[in-house]
Amino acid sequence: MSEVGRKGYRAGIRADARPGAGASSGATRWAPTLVLAFAFVVSIFHYVDNTVRFDRYAVNPDSPIAGAGSWVVPVAWVVLTAVGMIGYLAYREGRWWPAVGGIAVYSVSGLISAAHYTDGPPSAFDGVQNLLIVADLVAGIAVLGLALWVMFRRALVADAQAGTAHPQG
């Protein structure tokens, strides 16, 4: 390949590693925002309900959460959501590894909902609680999937392309 061809090839690789550059489909532009927005909205409803009706969620008095108190729920939401926002902003800036970390940590916000069922069976919760628990869990799984997608389709690809674009030697 000629020097001009090599430079063009390298430029194409580097351009693809940036957000919004290259031949990315429309779905890859809006899907991360949609997944995170869905998780955010679901978490607001679940965490507010969990805080307001804390005694109805902490059905097992021996649960570590029941012993900690209802204040843990909103504090956890604020911390996890802040880390998720940092991850999202890193994603928008094309900083793939910080995005992976922030989004993966944010997935805990929804994944932790499964712990409700360690306190009691689904029948121990009313319909709204079960709906919010399951919706938050589904959102957490989706957010974890997004983190994995960013890792495999963005971060690792960008690392590999950067290695190809700048050969050692």
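Look up a bit, the structure's there.
Report on the accompanying structure. This is a predicted model, so every value here is computed, not measured. (Residues numbered from 1 in each chain as written. Predicted model: local features only at pLDDT ≥ 70, side-chain atom pairs only at ≥ 80, totals over all residues. Heavy atoms only, no water.)

**Section: the packing of aromatic side chains**
- Scanning all chains against the criterion turns up five aromatic pairs.
- For the pair Tyr-91 and Trp-96, a centre-to-centre distance of 5.4 Å together with 65° between the ring planes defines the contact as edge-to-face.
- On the accessibility criterion, Tyr-91 (6% relative accessible area) is buried.
- On the basis of relative accessible area, Trp-96 is assigned to the buried category, the value being 7%.
- For the ring pair Tyr-117 and Phe-125, a centre distance of 5.7 Å and an interplane angle of 80° mean the geometry is edge-to-face.
- Residue Phe-125 is classed as buried on the basis of its relative accessible area of 6%.
- In this structure an aromatic cluster arises from ring pairing among Tyr-57, Tyr-117 and Phe-125. (Phe/Tyr/Trp six-rings, centres within 6.5 Å; stacked < 30°, edge-to-face > 60°. Buried < 20%, exposed > 50% of the residue type's maximum accessible area, 1.4 Å probe, protein only.)

**Considerations on the pattern of salt bridges**
- This structure, assessed with the given rule, holds four salt bridges.
- The shortest N-O distance in the salt bridge between Arg-53 and Asp-49 comes to 2.8 Å.
- Through salt bridges with shared partners, one network takes in Asp-49, Arg-53, Arg-56 and Asp-126. (Salt bridge = Lys/Arg side-chain N within 4 Å of Asp/Glu carboxyl O.)

**Details of a nonpolar patch on the surface**
- Together, Phe-40, Val-41, Ile-44, Phe-45, Val-48 and Val-52 line one region of the surface with nonpolar side chains, adding up to about 540 Å² of accessible area.
- Looking at the secondary structure, you find Val-41 in helix α2 (residues 26-52). (Patch = residues over 30% accessible without salt bridge, like charges linked within 9 Å, V, L, I, M, F, W, Y side chains within 5 Å. Areas by Shrake-Rupley, 256 points an atom, 1.4 Å probe, with all protein chains shown as cover. Helix = DSSP H or I, 4+ residues; strand = E, 2+ residues; numbered from the N terminus.)

**Some details on empty space enclosed by the protein**
- Counted according to the given criterion, the structure contains one cavity of 30 Å³ or more.
- By volume, the largest cavity is sized at about 30 Å³.
- In this structure, the largest cavity is lined by Ala-39, Ser-43, Tyr-106, Ser-107, Ser-109, Gly-110, Asp-136, Ala-139, Gly-140 and Val-143.
- Contributing elements (two or more residues each) for the lining of the largest cavity: α2, α6 (96-111) and α8 (127-165). (1 Å grid on protein atoms, 1.4 Å probe; cavity = no way out; pocket = protein on both sides within 12 Å on 5 of 7 lines; lining within 4 Å. Points joined across faces, edges and corners; volume = space filled by probe spheres on them.)

**Digging into the environment of Met-151**
- Considering the arrangement of structural elements, one finds Met-151 in helix α8.
- In this structure the C-alpha to C-alpha distance between Met-151 and Ala-99, which are 52 residues apart in sequence, comes to 8.5 Å.
- If sequence neighbours within four positions are ignored, Met-151 has contacts with Trp-97, Val-100 and Leu-156. (Contact = heavy atoms within 4.5 Å.)

**Brief notes about the layout of surface pockets**
- A volume near 380 Å³ is recorded for the largest pocket.
- Lining the largest pocket are 22 residues, with Asn-50, Ile-65, Ile-112, Ala-115 and His-116 sitting closest to its centre.
- Of all the secondary structure elements, the ones that give two or more residues to the lining of the largest pocket are α2, α3 (54-57), α4 (64-68), α5 (72-92), α6 and α7 (116-119).
- It is α5 that provides the largest number of residues to the lining of the largest pocket, a total of four residues.
- Across the lining of the largest pocket, the residue classes break down as 13 nonpolar, seven polar and two charged. (Nonpolar A, V, L, I, M, F, W, Y, C, P; charged D, E, K, R; others polar.)

**Describing the nonpolar core**
- Ranked by internal contacts, the top residues of the largest apolar core, which has 23 residues, are Leu-36, Trp-96, Ala-99, Ile-103, Tyr-106, Val-143 and Val-150.
- If you list the elements that add at least two residues to this core, you get α2, α5, α6 and α8.
- Sort the elements by how many residues they give to this core and α8 lands first, with seven residues.
- Once you skip the residues sitting within four places of it in the chain, Ile-103 turns out to touch Leu-36, Gly-87, Tyr-88, Val-143, Leu-146, Ala-147 and Val-150. (Core = buried A, V, L, I, M, F, W, Y, C linked by side-chain atoms within 4.5 Å.)

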